[in-house]
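# Topology and contacts: notes
The residues making up each chain are set out below.
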Amino acid sequence: MLPPELPPLPALTRAEGELIDRYLETVDLLGRINPAHRGDTYRGLRAAQALVRKAAELRDALALMHQRGETELHGETLTRALRVLDGERRTARVALPPG
């Protein structure tokens, strides 16, 4: 039996797509660093080192959007894209686990 099909991604500009991709990569790294989750320090160290590069790429994606005149983030559309790309699970790794 095949898994259910994901809904299609909403229409995004190239810059919005870059923003979403860089944001999720940054969130993934923050989730690996989160001291509330089990793991070893070396894994966290490697993630922290990579975070510097990914944060710069995230900044560059936002700067490109601004330079192109894309001055407004369309929250509803970007939220739909994040949900399709498993953003809820990925961002949950950054938060504290339930008490």
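See the structure above.
Note that this is a predicted model, so its numbers are computed, not measured. (Residues numbered from 1 in each chain as written. Predicted model: local features only at pLDDT ≥ 70, side-chain atom pairs only at ≥ 80, totals over all residues. Heavy atoms only, no water.)

### Quick notes on the overall build of the chain
Applicable threshold: Numbering of helices and strands starts at the N terminus; helices are DSSP runs of H or I of at least 4 residues and strands are runs of E of at least 2. Pairs of residues are marked as contacts when any of their non-hydrogen atoms sit within 4.5 Å. Each accessible area is a Shrake-Rupley estimate made with a 1.4 Å probe; only the visible protein chains count as cover when residues are assessed.
A count of helical and extended segments in the chain gives four helices and zero strands. When the elements of the chain are put in sequence order from the N terminus, they spell out α-α-α-α. In terms of overall dimensions, the chain has a C-alpha envelope of 40 × 40 × 25 Å along the principal axes. Of the contacts formed within the chain by residues at least 6 apart in sequence, a portion of 82% connects residues at least 24 apart. Surface summary for the chain: the accessible area is close to 7300 Å², and the carbon and sulfur share equals 58%.

### Thoughts on the environment of Ala-56
The condition that has to hold: Working definition: with a 1.4 Å probe on protein chains only, accessible area under 20% of the residue-type maximum means buried, over 50% means exposed, and in between means partly exposed.
Among the structural elements, Ala-56 can be located in helix α2 (residues 41-67). The class for Ala-56 is partly exposed, based on a relative accessible area of 25%. Spatially, the C-alpha atom of Ala-56 lies 25 Å from that of Gly-39, the residues being 17 residues apart in sequence.

### Remarks on the side chain of Asn-34
Heads up, the condition is: For the purposes of these results, a polar contact is taken to be a pair of N or O atoms within 3.5 Å, where, inside protein, one atom must be able to donate a hydrogen and its partner to accept one; residues adjacent in sequence count only when each atom of the pair is a side-chain atom.
Note that Asn-34 resides in the loop between α1 (14-33) and α2. Within the structure, Asn-34 has its side chain in polar contact with the backbone oxygen of Ala-95 (distance 3.2 Å). Setting aside its immediate chain neighbours within four residues, Asn-34 contacts Arg-93, Val-94 and Ala-95.

Everything listed here is a matter of geometry and, on its own, says nothing about what the molecule does.
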